[in-house]
Structures are given as C-alpha cells and as structure tokens.
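Architecture at a glance
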Amino acid sequence: MFSEVFYIINLLIFGIMISALVAGTSYILGDKQPNQEKVSTYECGFDPLGAPGKPFSIHFFLIGILFLIFDLEISFLLPWCVVYNQTFPFSYWTMIIFLIILTVGLAYEWLKGGLEWEGHGK
C-alpha cells in the first residue's frame, strides 16, 4: 500500500515540476510586446469591427465544416478498429465503402479548389 501511494505522490510532484518548468520557460522566452495585428480582435474569419450587414466570405465556414466532416471520420475509425476482429465481413466492407466515399469527396473538394485559402474572403 505504501509503495503505491509513494509512486502516485512522485508522479504528482514530477508532473507539477514539469508543468512549472514549461510555464516558466514560456514566460521567460515569450514575446512581451506583441504587435498590433496580434492583439487585434478576430472572430469567425472576418473583421467584427466593420459595418454591420457588410457581406463576408462564407469560405471560412466551409473550411470549418470540411474539417468537422473529415475529423468525424477518425471518430468512426477508432471504434471500428477496436471491434474489427469480432465483426469482420460486414463491417470491413462497410468501412471500406465509407472510406471510398470520403476519399472521393476529398478529391472533389481538392479539385474544385475548396481547400484553397488564398484569394478567398477578401
């Protein structure tokens, strides 16, 4: 019992020391005088201080939606990998079809220029 508590306390002390070291190093080496652009307000891909009702580029939101779609792919792959041995024939081909559909969608977005950030939103 004592050795388990000892290891937990050592782990906590080591974690606190590493955290303090990283935070202290970041504070010492960090930029203390940020430039005007760094401290300016920025929300949702457009300037919030402009005129209300001014049209803005929807491209920021499209990139966000694409990120969510392809990020959710990973959340479907992880549980599938865990139970892969138990449900082989049906789940294997279902996931292969799912990945093919996502790959075709990614290729379509790439070819249409949906993933290009330059030239949009200005």
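A quick note: this is a predicted structure, and the numbers were derived from the prediction, not measured. Starting afresh in each chain, residues are numbered from 1 along the sequence in its written order. pLDDT decides what is reported in this predicted model: residues at 70 or higher carry local features, side-chain atom pairs at 80 or more are listed and counted, and totals for whole chains, interfaces and linings draw on all residues regardless. Only hydrogens and water are set aside; all other atoms, that is, all heavy atoms of the structure, feed into the side-chain values.

1. Focus: the overall build of the protein
Helix and strand assignments come from DSSP, with helices taken as H or I runs of at least 4 residues and strands as E runs of at least 2, each series counted from the N terminus. Counting secondary structure elements, the protein contains three helices and zero strands. Helices and strands appear in the protein in the N-to-C order α-α-α. Intrachain contacts of the protein at a sequence separation of at least 6 include 51% that bridge at least 24 residues. Every accessible area reported is derived by Shrake-Rupley at a probe size of 1.4 Å, with residue values counting cover from the shown protein chains alone. Taken as a whole, the protein presents about 10,800 Å² of accessible surface, with 72% of it coming from carbon and sulfur. By definition in these notes, contact holds between two residues if any of their heavy atoms fall within 4.5 Å.

2. Structural notes on the UniProt feature "transmembrane region" (unreviewed entry) in the protein
The positions that UniProt labels "transmembrane region" (unreviewed entry) are, in the present scheme, residues 6–29, 58–78 and 90–111. Structurally, residues 6–29 is divided into 100% helix and 0% strand, and its ends, taken at the C-alpha atoms, are 34 Å apart. In this annotation, residues 58–78 is assigned 95% helix and 0% strand; the end-to-end C-alpha distance for the span is 31 Å. UniProt positions are given in the numbering used here, feature names are shortened, and annotations may be inferred rather than shown by experiment.

3. Looking at helix H2 (residues 59–82)
Working note: α-helix, 3.6 residues per turn, so residues spaced by three or four point in the same direction. Counted at 1.5 Å a residue, the expected span for H2 with its 24 residues is 34 Å, and the 36 Å between its end C-alpha atoms agrees. Buried, partly exposed and exposed residues are distinguished by accessible area as a fraction of the type maximum, computed with a 1.4 Å probe on protein chains only: under 20%, between the cut-offs, and over 50%, respectively. All of the buried residues along H2 are His-59, Leu-66, Glu-73, Leu-77 and Trp-80. What a helix should span is 1.5 Å times the count of its residues minus one.

4. Here's the deal with the packing of H2 against helix H3 (residues 88–112)
Lines fitted to the C-alpha atoms define the axes, with helices restricted to the stretch that makes contact. Angles between their N-to-C directions range from 0 to 180 degrees. Closest axis-to-axis distance for the H2/H3 pair is 12 Å, and the angle between their directions is 160°. By the angle between their axes, H2 is roughly antiparallel relative to H3. The way H2 lies across H3 gives a crossing that is left-handed. Every residue of H3 that contacts H2 at Leu-66, Ile-69, Phe-70, Glu-73, Phe-76, Leu-77 and Trp-80 is listed here: Ser-91, Tyr-92, Met-95, Phe-98, Leu-99, Leu-102, Gly-105, Leu-106 and Glu-109. Each residue receives one of three labels: charged for Asp, Glu, Lys and Arg, nonpolar for Ala, Val, Leu, Ile, Met, Phe, Trp, Tyr, Cys and Pro, and polar for the others, Gly being one of them. Tallied by class, the residues present in the contact of H2 with H3 amount to 12 nonpolar, two polar and two charged. Angle categories: roughly parallel below 35 degrees, roughly antiparallel above 145, roughly perpendicular from 65 to 115, and oblique for all the rest. Crossing handedness is defined as follows: a turn of the near helix away from the far one that is anticlockwise and smaller than a right angle gives a left-handed crossing, while the clockwise case is right-handed.

5. A few points about a nonpolar patch on the surface
Taken together, Val-5, Ile-9, Ile-13, Phe-14, Met-17, Ile-18, Leu-21 and Val-22 make up a surface patch of nonpolar side chains, about 740 Å² in accessible area. Position of Val-5 among the secondary structure elements: in helix H1 (residues 2–29). Note on patches: the residues involved have over 30% relative accessible area and no salt bridge, like charges join within 9 Å, and the nonpolar side chains Val, Leu, Ile, Met, Phe, Trp and Tyr join within 5 Å. What counts as a salt bridge is simple: a side-chain nitrogen of Lys or Arg found within 4 Å of a carboxyl oxygen of Asp or Glu.

6. Focus: the side chain of Glu-73
Structurally, Glu-73 is set in helix H2. Nearest to the buried, unbridged Glu-73 among oppositely charged side chains is Lys-112, at 21 Å. Non-local contacts of Glu-73, meaning those with residues more than four positions away in its chain, are made with Phe-98, Leu-99 and Leu-102. Within this scheme the basic residues Lys and Arg register as positive and the acidic residues Asp and Glu register as negative, but His and the chain ends are omitted.

7. So, the packing of aromatic side chains
Aromatic pairing here means that ring centres of Phe, Tyr or Trp (its six-membered ring) are within 6.5 Å. Orientation follows from the plane angle: under 30 degrees is stacked, over 60 is edge-to-face, and everything else is tilted. Using the criterion set out here, one finds three aromatic pairs in the structure. On the numbers, 4.9 Å between centres and 80° between planes, the contact of Tyr-92 with Trp-93 is edge-to-face.

8. Structural notes on H1
Along its 28 residues, H1 runs 40 Å from first to last C-alpha, staying within 8% of the 40 Å computed at 1.5 Å per residue. By the criterion of burial, H1 is predominantly exposed, with just zero of the 28 residues buried.

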